[in-house]
Every structure is written in C-alpha cells, then in structure tokens.
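# Observations on chain architecture
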Protein chains: 2
Amino acid sequence: MPRRNLYLTNIPVEEALERFKNALEPHVKAQTEDIEVIHSLDRVTASAILARCNSPLYDSAAMDGVAVVSAATHGASETCPLTLKHGVDFIHVDTGDPVKPPFDAVIMAEDINDTGCGDIIIRSAAAAWQHIRPVGEDVVQGEMILPGGHKIRPIDIGVLLSGGVTRISAQKRPEVAIIPTGTELAEPGDTLKEGDIIESNSRMFEALVRKGGGLPTRFAPVADDYGLIKDALQNAARRFDLVLVSAGTSAGREDYTASILRELGEVTVHGVAMKPGKPVILAVVNGKPVVGVPGYPVSAYLAYENFAAPILASFSGLPESCAPIVRAVLTRRLVSSFKHREYVRVKVGRVGGRLVASPLARGAGAAMSLVRADGFCVINRDSEGVEAGGEVDVILNRRPQDLEHTVVSIGSHDLLLDLIADMMPNLYPGIHLSSTHVGSMGGLLSLKNGEAHIAPIHLLDEATGTYNIQIIKKLFGKSPMALIKGVGRVQGIMVQKGNPLGIAGIGDLTRCRYINRQRGAGTRLLFDYRLKSKGISPENITGYDREAATHMSVAAAINGGSADAGMGILSAAMAMGLDFIPVGDERYDFAIAAESLELSHIRAFIGTLKSPGLLAKLKELGGYTADNCGEIVIIDC
Amino acid sequence: MPRRNLYLTNIPVEEALERFKNALEPHVKAQTEDIEVIHSLDRVTASAILARCNSPLYDSAAMDGVAVVSAATHGASETCPLTLKHGVDFIHVDTGDPVKPPFDAVIMAEDINDTGCGDIIIRSAAAAWQHIRPVGEDVVQGEMILPGGHKIRPIDIGVLLSGGVTRISAQKRPEVAIIPTGTELAEPGDTLKEGDIIESNSRMFEALVRKGGGLPTRFAPVADDYGLIKDALQNAARRFDLVLVSAGTSAGREDYTASILRELGEVTVHGVAMKPGKPVILAVVNGKPVVGVPGYPVSAYLAYENFAAPILASFSGLPESCAPIVRAVLTRRLVSSFKHREYVRVKVGRVGGRLVASPLARGAGAAMSLVRADGFCVINRDSEGVEAGGEVDVILNRRPQDLEHTVVSIGSHDLLLDLIADMMPNLYPGIHLSSTHVGSMGGLLSLKNGEAHIAPIHLLDEATGTYNIQIIKKLFGKSPMALIKGVGRVQGIMVQKGNPLGIAGIGDLTRCRYINRQRGAGTRLLFDYRLKSKGISPENITGYDREAATHMSVAAAINGGSADAGMGILSAAMAMGLDFIPVGDERYDFAIAAESLELSHIRAFIGTLKSPGLLAKLKELGGYTADNCGEIVIIDC
C-alpha cells in the first residue's frame, strides 16, 4: 500500500491550469462531426457556414396585392385613375409569390379597387421594384451565415435552412467519464447504515457536464481498493475524452487516486492554492485529461469549475461560463488567507440603490450555502482582503435583473422565512426573498448599515420585558423606523424524546451536555439572561461554547445524541420529534426603515405575511401565534 | 371560401397579451409530475422541497487524522507532549468518518506523531468538537432545500440527493404543436422548383420551444386548404397544451387561419401594434391557446417571443427570457412609427468607453439581420423615437462581457470581413468582429462620431488618384489617424455569364438594365465618377435608382436575370459565376484613430490580417492582392 502523502503542493490556480493545458497540448484535439441542422441547437460550428442558395430564392412579392408592369402604371393619379387588365397589366400575388418579367413592381391590396369584372383600378403609379423583395435580399448564395466557433441559436437554424444548408460540421460533444470512489458511498435511495455517505457529487457532475455541452457517463461507485480504482481509471482513459474521478484526492489513509494516476500516467498537479478545493489532482493518462476532484461538495464544485470546465470548453467549443459579473458592496470584512485564492459564497440584493453582497458560510462541506448563494466573490491570495463596505466583483449564478426585485433579509432565522421564500414568488411573480442568518443583533447592524431591507429579530428588553421595539429605538435613534409584525413563538429547552435526564428548567442544564447558539443570536441572549437571573455561571454549563447556527441544527444535535439539551423554539422541537420544556413566549418580528415600506417588493413581503395560505402553513407547523402577522408598527423616536 | 380580411386590428402588445391571458384564464393550469432528481436538471420545482435526512448524517470528521476524547488531551503542549493509546484515547479517522462517543474531537494528521508501535504523540490539547462536522451542519432534516418555482441547477441536484430526496414534484413540460401551413412550402433538402419557399420557421420554433422548457412536435407542412388546416388545428388543440400555426395569418387570398380559428373557437386578437410581426392571431380552441404566427421570419420570431413564450413560461414555470439588458448609445436616429412598437435589430460594441448600438436592416424578411444582431432595441409606439447619440435599452442576445472584446467595424462590406469574423476568434479566443455595412462614407462618419473602432473604406480621391488617405485627412483634420492596410481588389462591371449583351465598358450601360449600390457606397461613388468622366447622365441609366446593399446582392440580381449589369468586385462576380469587365484596381483598407491601435482586440484584428491562413483564403477566393495586408500607415496631419 502506498504511503500517505501528507503534503500537497500549493500551486496558484492559473498556473495549475496552464501546466495542465501544456501537458495536454500534444494529445488533445477537438473533434468534429456532421450533424443535421434541425438537431443542431446549442451545438458549436466547426467552421464558417456559407449559404448554399439565395433567400428569397427569386424576386418575390413583399406584400399581398398585384404584380404590375411599372411602365404601364405611369400617369395614374387620384384625378386620373387607370384601369389595368388582368393577365396583361397585372396578376394577383400574395406575399412571397414570385414576380417575374414583364412584372417589375407590386401594388398593395389596400391600394387597388376591383372593377368587378376581373380588372382593377389604380390611383397612383408604381415605381419599378417597389414592394419586391429582390432575390438574395436576406441571404446571398456563398455568403457566410455563421462563423466557426458559433453556438447555434433557434434563429440560426431558421436561416441555415433558408440558405439551403441542411447539414453542418459541428464540434463533437466530448464524452466524459465520472467515477465516484469510496467504500462508504451509498446510492441515493439506499437504506443507510452507519458510516454511509450518500453519493451525490457524481450526479452534480453529470448535470455540469451536460450544461457544458458534454455527454456524461457515470460509473457505479468504486470501493476504496487500489486495483479496482486503477482498473476503472485505465478503462475510462481509454474510452473517454475526459475523466473525472471523485474523492480520494487528499491525504487520507485510503486516498489512492494520486498514486494510481502516477502509475498510469503523469500527475501534473496535486494541490492547488484554492479554498475550498485545494486537494485537486490534474493528470494525463493515455493522452486524456483526468481531473481528481475532492469529496467535499463545495470543493468538488470549484475544482470542476476551475479545471474540468475549461478543458470541456476547449473540446466542445462552448464558452466556459455565461455567469454575469456585478460589482457589489461587501457587508462583512473578508480577510485574505494569503496562501489561497478563496471563493466566498454571497447573497446579493439591491438595497437603497447599491448592490450589497453578504458572505455565507465558508466551509467546504456547506453545499447548502452554494444552493442559497446568489454568487461567488473571489479573494485573491496575494490580496489584503476586502474591508466591510468595500466593493467586490460577484460572479452571479442568477440573473442580474432578479436582484432588483429581491427582498434582502439579514438577521435571525425562523421557518417562517422559508415559507415566505417559497410562497412569495407564487403570490407576486418575479419577487424573491434573499435571507442571510446572522442572528438578531447582526441583522440590526446590517439594517443600520443599509445592507438589508429588513432584519428579522427576537430581542427581549430586560427592563420593560417587551420585545424588539426598545432595541430599535436604542440603535436607530432619530431615523424613522417601523416593525412589521411577524409571529409569537414559544422558546424553551429541547431535550431527547421522553426527556431521559428529567430536565425541568434552566437549573437542570448544569448536569447535562448543552449545545448553544452562536453569539448575537436572540436565543443565546435569552439563555444568558435566564442564566443570569438564576445566578448560574456559563462555566458551569458543559457545552456552553459549542455553537450551532440555527434552531434546527441544535435540534439535530440533540436528536443525534451528541448533546442532551439546547434552547430553541417549539416548532423546531416538533419538527425533529423532541421533547420541549417551555421557558417563555417571544415575538419574532421584522425591523425596517419606515421609508422602505413603500417599496413594491416590501409590499409583496407584507402581503405574503398576511396571506391566508401562510397562516394555514404556520398552523400546520404548530408552535406559532400569528394574530397580527404583517401589521405595521411605526416606531416613535 | 371566406372573404379576404384586409383590415387587421392594431392592439398594443401588452393589451393583446393581457386579453389572451384573460381568455385562457378559465382553462389553463400548469400541471405537475413526479420526476427523478437525477433527471431534474433545468426542470422547475412545483412546490418547496424539504430535506428528508440530515447532511452530514452523523457527527463526522472534518479532517483526516485521529478522533480523540478531548478531556484526555488536556495538558498536552510542546514542552509536555502526551502519548495517546490507540483504541482507548484515539482512533484513526478520514474526512467524513463518523465520530461517536466517547470521542468528541479530531486532531489533524499533520499535528500528530506516530510512536511506531500504534500509539501517537500530541503536542497540544484538543478542544471539544474541534474539526467535527456536526450532524445536519449542511442540511437539517425538514429544512427547505429549494422553494417552489425554482429552476434546478447542477448544485441543487447534489444537495437534494444529500438531503435524502430522490424524487420531486416538478412542473410538467408543456407539449407544443407546431403546424406549418402553405402550398408553396418545400422541406429543407428538397429539390426546389419555381415558387417554392423552404419551410424553416417551424424548425426555429422547435428550438425556441425546447429552450423554453417545452416539448415540441412539428407537424408536416399543411397545404393551403381550408379543410386540411381545420383538421390539423382541431386535432392539435385536442392533444397539445399550446398550438403554433405558422403563416396564413395575414390578408392574403389563401390566409384561412383566422377564419378557421373563429369557426373552431374564439379569436381574441387578430393584428397587434408591433413591427415586424403585426399579423398575429391569438385564439382559444378547446380551451387551448393557439398562436397564429406570420410567415416572415423576423415577424415569426417576434410573435413567438411576445405571445407564445409568455404562455409557455406560465406552463413550464420557467422565466420567459434570460436576456440581459444594457444601455447603449444609438448611432443613427430611429423614428417612431407612432402606430407600432418597433423592434430594431442592432449591433453593439464598446468603443471609447461607451456601448454603442448600430441599427441593422428593419425589414420583416431580413432574418439574416437577426442572426447578425447582438440584440434588439424597442421603439415604443407612443414615443418620439430616439435621436442619434441618444441612449436606448438593448435586449442582448449575447453575453454582455463579450461586448468588451469586440472589434466594432462600420463601413463598406467585403468578403474579407467575413473571413476575419470567422478566423479571429480561433486565433484570438474570446475576440470577435462585429461589422455593420453602411458604405465607406457612412463608416467614416461613424468613426468620427466614436461609434466604431475601424471603418473599412475604398474611396478614390479624384484629384490625386489615390485611395483612402486623402478623405481621412480631409474629414479628420488634426486628429491623429492611421490606416490599416487591407487588400487591393478589382472593380468592374458584372454581367451575366457569356456577356449576352456584349457590354465592354461604362458606355454600354445605357443600353441595359443596371442595378446600383446604395448612396455612400464606395462602388457607387466610383460609378458616378466614371459616368461623369464619360459625360453620361444618371438619367440615361435604366435602374440607376434600383439599389442593393452589397456586391453579392448585385451579383445575385444579375444572376437571377432581373438586371443585366452592375458594378462590383471581381471576387463577387467569381463567387456567383458571372462574367466581369474590369474597370480599375482599388484599395480596400481600414481607417482607425491612431490611439486605438494599441487596444488588445485591434492588435488581434491586425494579427488576423497578417495571418498566413487569411492570406491563403484570399488567394483561394481570387480577385485580391494582399501584399501589405495588416501594415499600418500613420496619416500625417
């Protein structure tokens, strides 16, 4: 068994790709094939395509009416109408009909009068060639219709056919092998046993390859066995144009991929200065490019986009990416790691005239943050990072125009936000909710900085015992603010089903494994407040420093058995089937600048809060009161 | 046979669509179906999709290394290393392996030393939960992965599978019938006889429907027979979700479509205030939407985009269009027709920091201009039009970033431009040529107005007998200008093969049917100059006022027999197999501002002009001299 290779190289992204392309250069050649024009949508022309015939094929009527001999119409006027004889001076034509000598002009149907006996009367002369589409007006035989390297659109198909072209030479669609490896892999839908990981990256690659114009073939997962993986790779490099081998690229005990590729061919790069996605392998086997992609989904995605996509593009002739790029103001400081180029997932929206980008989770495993992201911003390795308020380029994965109709919410998370995100675009087509979860206090700071339209919060004022309004008054001073009423919900202690440790209240939390929420979360502030009231020091709570980012994550940890208790809301406990000891009721509302209330997408947000469908869903979830959901409270300052 | 209906309504576009949607409202409902996630790329979710399991499924190692009991590591330091016992204090784990009690932290492989006998030495303590991905960190069971109405991307497929979801409810792909009608239609590839029109619109619609997420079924062309068309429509409206019937929508003698639709169902609109595309029919038959699209390709395209695409989108759940919109400066005045909303095809490029849009041909038949266009600008019916230099919104049909690397050429046309458009992106990936043909003089004016990078010209200075340089000096005065050398070419008189009229020179053109070039074209100026030298008045030239826009169009008219002679270049005569009487040699070069010479895409343009491949192609075409192609002449002022 080969040695575990702990140390990967740290080659900059561009240099890694350059080395890979150079290693491939002697081997790789785009191939072409003849295809039918009617099946050519989205294919790429291999060379310039010339018209085989004229369009129109002949001089033809551009209007419905009559074809005339222009010389025979001279002198016709309102005061001196002229009668034309059918078959001699004129014939009837519809748009597109041929016009042949002696006829050399067309008069529109609207400008003629029937005599009733087959002839017509005209009241103005026709100029030669009027209302005639000359032969080849649109396309002349021999003219270039499309250049080489052009991706074929619907209109191109129409014009190619009109120009007499029925078959064209196109770039061949590259065939891509996708080989998932790992003994722990289970197929989606399998009954899962402990230690299983659902194999999903290969299915993402299939879709990415299709998007990139390739033909993917996904292999069945291969166990972590040197011989089996070697056979699969050897086989794939023989039959396919590009091979993606998934996982096993790092320094784990069973990460054979690099050793096998070294045995079969040449490893050009193993380890790239990129985060996530460092443990990439770029190799050439049998003259074919092989990309070893790491197992973490975000790493896998970035490794694909940076290394597999450009190679695929060079085969397929398609551009690598159609992602639009926008400038946006960053809401949080992003430090550079100096060692790596970092890809930071961000949410983007337009707030107060500026596009603002809020960074999401940075972990390589956080695939959901990739789903939720509106795009990436790139922090280069040699950069100083970007301060909050600085501008960054964002590579979008949605349409720029959608950002204009997006409600930007930054603050505390509740399932209510998911319901709104789901229902609002149905009720108000084109309007979306973009929500980032940083806790109540973080949300209010973003609102103050003009980075969000609304901040969902649940913050108790200890002095008055009221929720949300006092903190807004305190933070925003004289700026006119409002509160959009959300829901009442029950906070409490979530424990395992049956409450095996017999926890009855805050006081019992000193004798169990607790899981806390992150700093700035309203639930954590509530917990701290309750601890203080009881005179309990955080030091006496095992797990006080163990943080989870949402109610549901806390519930999942308790359900999984790695923690015994955590504070959260009733609906989360119910969703996960946990027992629940109520601690108190609280308000979860939306802070907003009063001037934003008139924005059309905020009105849609409020309309959604008030919709009967939403209230029905909340009732179904349980644990909520929603009597005044969507009501507006103007906050006096 | 029904009466010819000469007069269509002129309903504004939005109102027409609104009426259509209202008429459909009682009938049309999006349908859903269950599909496999692995086949769900680009499909649209019918409702919110919730995770069925946690991801990760359990607390798992976030690094390759060892899982430890954090309490057992306390006190370890550089000065006081600690030995951990295998199986008791630690076990080996790879990334993704489960970490179960008593283990509650992971130490990275890099931070441990093997003792050689199975145990390890550590030099720092491990904090509880370090390097562990908690259960559900990425996705928690019950959490919303995707909202309803979401178009599924590759990354979504990965996360859905990770979240235990293998099947989802998606919007059904609408089935669309496409019925071409017309006795004159020939199938692409058929041997053509007089009066035939190649049926190509239905193939464009097939591709448009596919792009819009629908499943197209194209019917064989139906002859202009009332009964046959009625049968086809009745049949289609029974089986399909949407019916497109192509041509026969206007006021021609055999335009039955509206009458038939009135018999079968309800015609909501016949005639829309839109240009091109006025004779649209919007009807409801058997509760199904039927769109009658005009036969002219550009009208057909616009009718589809404005009326069929929105209906398809409401079925498929996909957005109607992903076309980016940019602001650009208009190079020519566009007047409003007041009566119609007009869609003007434009070329777009970035010149001197501004995006500039040059209008192309406006005819409904000019499908090639749709192929060549970078987008549309819309002149609304109630507007005043837009002056040259005014700003317009352009709906792009290419990527905005491509515009940044596009050489904008406005001026005279030569096949050389087609060759460059084809070859340059191959030689210089990502760099494109956008060329608009308005003749030499028009090109120089555009160059002067900062609307183009280069102006291809062939303009004789009568005083010196030299080409191109004198006119630049005269027009640009003290601005530093240059000329990029193009080709020498032979101008002459093109006549039918065998020269049946025995034309020997300019003097003979008084006794034949001439076809001229448009005003401002260098060839026309040359013709005028030669006429004047011979003392011939234009009035003595039959067809002096008949204008064609390119050499090839002139050649096509002569080849088709509707003209006997026209001036043009040898290569055009050769391409069309015409006889040619040389009149003189001329220079076809590129005027440019000296400061533009350093732009990277201009360097690419010059590089292409100098490339051996281009010179070989010119030789193959014949009729050119290219000794100093790509050389730069700085023009002294």
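For every chain, the first residue of the written sequence is number 1, and numbering continues from 1 along that sequence. As a convention, the first chain written is A and the first ligand written is 1, with the rest following in written order. Selection of residues for local features in this predicted model requires a pLDDT of at least 70, selection of side-chain atom pairs for listing and counting requires 80 or more, and totals for whole chains, interfaces and linings are taken over all residues. Values reported for side chains reflect all heavy atoms of the structure, with hydrogen atoms and water molecules removed beforehand.

Only DSSP runs of H or I with at least four residues qualify as helices, and only runs of E with at least two residues qualify as strands; both kinds are numbered from the N terminus onward. What chain A contains, in helices and strands, is 15 helices and 36 strands. Projected onto the principal axes, the alpha-carbon positions of chain A cover approximately 110 × 70 × 45 Å. For every residue, the accessible area (1.4 Å probe, protein chains only) is compared with the maximum for its type, and the residue is labelled buried under 20%, exposed over 50%, or partly exposed between those bounds. Per-residue burial over chain A gives 57% buried out of 637 residues. Where accessible areas are quoted, they stem from the Shrake-Rupley method and a 1.4 Å probe; at the residue level, only the protein chains shown are allowed to cover. Here chain A displays about 25,000 Å² of accessible surface, and carbon together with sulfur accounts for 51% of that area. Taken together, the 64 basic and 72 acidic charged side chains of chain A have centroids lying 8 Å from each other. In this charge count, Lys and Arg are treated as positive and Asp and Glu as negative; neither His nor the chain ends contribute. The location of each charge is read from NZ of Lys, CZ of Arg, CG of Asp or CD of Glu.

Glancing now at the interface of chain A and chain B. Here, residues are in contact when the closest pair of their heavy atoms is within 4.5 Å. Facing 100 residues of chain A, the contacting portion of chain B comprises 100 residues. Roughly 8,200 Å² of surface becomes buried between chain A and chain B when both sides are summed, with 60% attributable to carbon and sulfur atoms. On the chain A side of the interface with chain B, the three residues burying the most area are Ile155, Met368 and Val371 of chain A, jointly 7% of the side's total. With its nearest N and O atoms 2.9 Å apart, the salt bridge here joins Lys100 of chain B to Glu194 of chain A. As used in this structure description, the phrase polar contact means that two N or O atoms lie within 3.5 Å; if the pair is within protein, one of them must be able to donate a hydrogen and the other to accept it, and residues adjacent in sequence are counted only when both atoms belong to side chains. Along the contact surface separating chain A from chain B lie 24 residue pairs in polar contact (both at pLDDT 80 or more). In this classification, the charged set is Asp, Glu, Lys and Arg, the nonpolar set is Ala, Val, Leu, Ile, Met, Phe, Trp, Tyr, Cys and Pro, and all remaining amino acids, among them Gly, are polar. Its residues assigned to classes, the side of chain A that touches chain B comprises 49 nonpolar, 26 polar and 25 charged. What gets called buried area is simply the loss in accessible area from a 1.4 Å probe that two parts show on being joined, summed for both. Any carboxyl oxygen of Asp or Glu within 4 Å of a side-chain nitrogen of Lys or Arg constitutes a salt bridge here.

Residue and element names in this part refer to chain B. The residue Met424 is located in helix α9 (residues 415-427) in this model. Met424 sits 182 residues away from Ile606 along the chain, and the two C-alpha atoms are 9.7 Å apart. In contact with Met424, not counting residues within four places along its chain, are Val407, Ile431, His432, Leu433, Ala604, Phe605 and Thr608.

Cis geometry marks the peptide bond from Lys275 of chain A to Pro276 of chain A, where omega comes out at -5 degrees. Tracing the sequence through the fold places Pro276 of chain A in the loop between β19 (274-275) and β20 (281-285). In this structure, Asn468 of chain B is a non-glycine residue whose phi angle is positive, near 75 degrees.

With that settled, consider the pattern of salt bridges. This structure, assessed with the given rule, holds 58 salt bridges over all chains. Salt-bridge contacts for Glu206 of chain A lead to Arg203 of chain A; the nearest nitrogen and oxygen are separated by 3.1 Å. With Glu206 of chain A and Arg203 of chain A both in helix α3 (residues 201-211) and three residues apart, the pair spans about one turn of that helix. Relative accessible area serves as the criterion here: at 8%, Glu206 of chain A is assigned to the buried category. Residue Arg203 of chain A is classed as buried on the basis of its relative accessible area of 15%. The partner of Asp393 of chain B in a salt bridge is Arg327 of chain B, and the shortest N-O contact between them spans 3.3 Å. Linking Asp393 of chain B in strand β26 (residues 391-396) with Arg327 of chain B in strand β22 (residues 325-330), this pair joins segments that are 66 residues apart in sequence.

Let us now look at the packing of aromatic side chains. Within 6.5 Å between ring centres, the rings of Phe, Tyr and Trp (the latter by its six-membered ring) count as paired, and their orientation is classed by plane angle as stacked under 30 degrees, edge-to-face over 60, tilted in between. In the structure shown here, the tally under the stated rule is 18 aromatic pairs over all chains. Here the aromatic cluster, defined as three or more aromatic residues joined through ring pairs, consists of Tyr301, Tyr343 and Phe376 of chain A. Whether a charge sits over a ring depends on NZ of Lys or CZ of Arg being within 6 Å of the ring centre and within 35 degrees of the ring normal. Taking the ring centre of Phe476 of chain B as reference, the NZ or CZ of Lys448 of chain B above it sits at 5.5 Å. Positioned over the ring face of Trp129 of chain A is Arg546 of chain B, at 3.3 Å from the centre of the ring.

Here the focus is the environment of Thr217 of chain B. All names here are of chain B. Along the chain, Thr217 turns up in strand β16 (residues 215-218). The spacing of Thr217 and Ala504 is 287 residues in sequence and 56 Å in space, taken between C-alpha atoms. Apart from residues lying up to four places away in sequence, Thr217 is in contact with Val176, Ala177, Ile178 and Phe240.

What follows is about the sheet that holds strand β5 (residues 82-84) of chain B. Residues and elements named next belong to chain B. Pairing is antiparallel in the open sheet, where three strands are placed in the order β5-β9-β8. With one partner strand each, in any of the chains shown, β5 and β8 (112-114) form the two edges of the open sheet. Recorded for the sheet is a direction-independent mean angle of 35 degrees between the axes of neighbouring strands. In terms of strand pairing, β5 meets strand β9 (residues 120-122) through three bridges, oriented antiparallel. Bridging across to β9, Thr83 finds its partner in Ile121. Strand pairing is assigned whenever DSSP identifies at least 2 bridges connecting the two strands. Axis definition: a line fitted to C-alpha atoms, over the contacting stretch in the case of helices. Angles run 0 to 180 degrees between N-to-C directions.

Superposing chain A onto chain B takes a rotation of 180 degrees combined with a translation of 0.0 Å along the rotation axis, leaving an RMSD of 0.1 Å. Taken together, the rotation and translation relating the two chain copies correspond to the operation of a two-fold axis. Among all residues of chain A, the one whose C-alpha sits closest to the rotation axis is Pro324 of chain A, at a distance of 4.4 Å. Same-surface contact between copies: 100% of interface residues of chain A are shared with the interface of chain B. Only residues with pLDDT of at least 70 in both copies contribute their C-alpha atoms to the least-squares superposition of the copies.

At their nearest, the axes of α3 of chain A and helix α3 (residues 154-162) of chain B sit 8 Å apart, and the two run at 165 degrees to each other. As judged from the angle between their axes, α3 of chain A and α3 of chain B are roughly antiparallel. Relative to α3 of chain B, α3 of chain A is oriented so that their crossing is right-handed. On the side of α3 of chain A, the interface is formed by Arg203, Met204, Ala207, Leu208 and Lys211 of chain A, while α3 of chain B contributes Pro154, Ile155, Ile157, Gly158 and Leu161 of chain B. In terms of residue class, the contact of α3 of chain A with α3 of chain B is built from seven nonpolar, one polar and two charged. For classification purposes, angles smaller than 35 degrees are called roughly parallel, those larger than 145 roughly antiparallel, those between 65 and 115 roughly perpendicular, and all remaining angles oblique. By definition, any crossing whose near helix is turned counterclockwise from its far helix by less than a right angle is left-handed, and any crossing with a clockwise turn is right-handed.

A few words now on helix α1 (residues 13-24) of chain B. One less than the residue count of a helix, multiplied by 1.5 Å, gives the span that helix is expected to have. Taking 1.5 Å per residue, 12 residues should reach 16 Å; α1 of chain B reaches 17 Å between its end C-alpha atoms and fits that length. Looking at the packing, one finds that the buried side of α1 of chain B touches β18 (266-270), β19 (274-275), β20 (281-285), β21 (288-293), α7 (297-316) and β23 (341-351) of chain B.

What follows is about the sheet that holds strand β21 (residues 288-293) of chain A. Strand pairing in a sheet is mediated by backbone hydrogen bonds. Such pairs are either parallel or antiparallel. All names here are of chain A. Across the sheet, which stays open at both edges, the six strands sit in the order β16-β13-β17-β21-β20-β18 with mixed pairing between neighbours. The open sheet has two edge strands, β16 (215-218) and β18 (266-270), and neither has a second partner. Each strand axis lies, on average, 20 degrees off the axis of its neighbour in the sheet, ignoring direction. Both β18 and β20 contribute to a ladder of four bridges, which runs antiparallel. Along β20, the bridge assignment pairs Glu266 with Val284. Helix α6 (residues 297-316) contacts β13 (175-180), β17 (242-246), β20 and β21 of the sheet and is inclined by roughly 165 degrees relative to β21.

Right, let's get into the confidence of the model for chain A. Per-residue confidence from the predictor is reported as pLDDT, a score between 0 and 100. Per-chain confidence: chain A averages 91 in pLDDT, with 97% of residues scoring 70 or above. Among the prediction metrics, the complex's ipTM stands at 0.90, with pTM recorded as 0.89.

All names here are of chain A. Across the six residues that make up strand β27 (residues 406-411), a large majority, six, are buried. Residue alternation in β27 divides its side chains into two sets, Thr406, Val408 and Ile410 and Val407, Ser409 and Gly411, and both sets are buried. Pairing of β27 with strand β28 (residues 432-437), which is carried by six bridges, proceeds in the parallel orientation. Directly across from Val407, in β28, lies its bridge partner Leu433. Throughout, right-handed denotes a crossover for which the path from the first strand over the helix to the second runs clockwise when the strands point away from the viewer. Each parallel crossover has a hand, and for β27 linked through helix α8 (residues 415-427) to β28 it is right-handed.

So, about the pairing of strand β23 (residues 341-351) of chain A. Residues and elements named next belong to chain A. Of all 11 residues that make up β23, 10 are buried, and the element is covered over most of its length. Summarising the sheet, β19 and β23 pair through two bridges and their orientation is parallel. Directly across from Met274, in β23, lies its bridge partner Arg341. Strand direction decides the pairing type here: β23 and strand β25 (residues 375-379), joined by five bridges, are antiparallel. Among the inter-strand pairings, Val344 is bridged to a residue of β25, identified as Cys377. Across six bridges, the pairing between β23 and strand β24 (residues 354-359) is antiparallel.

Take the packing of helix α10 (residues 439-448) of chain B against helix α11 (residues 469-476) of chain B next. Residues and elements named next belong to chain B. Between α10 and α11, whose axes approach to 11 Å, the crossing angle comes to 40 degrees. With respect to α11, the element α10 is oriented oblique. Here α10 runs over α11; the crossing is right-handed. Note on element contacts: α11 touches α10 through Ile471, Ile472, Leu475 and Phe476, opposite Met441, Leu444, Leu447 and Lys448. Of the residues assigned to the contact of α10 with α11, the class counts are seven nonpolar, no polar and one charged.

Here the focus is the side chain of Thr45 of chain B. Considering the arrangement of structural elements, one finds Thr45 of chain B in the loop between β1 (32-36) and β2 (49-50). Side-chain polar atoms of Thr45 of chain B contact the backbone nitrogen of His150 of chain B, separated by 2.9 Å.

Turning our eyes to something else, we now look at the environment of Ala23 of chain A. All names here are of chain A. Here Ala23 shows up in helix α1 (residues 13-24). Separated by 261 residues in the primary sequence, Ala23 and Val284 have C-alpha atoms spaced 7.2 Å apart. When sequence neighbours within four positions are dropped, the list of residues in contact with Ala23 reads Glu266, Thr268 and Val284.

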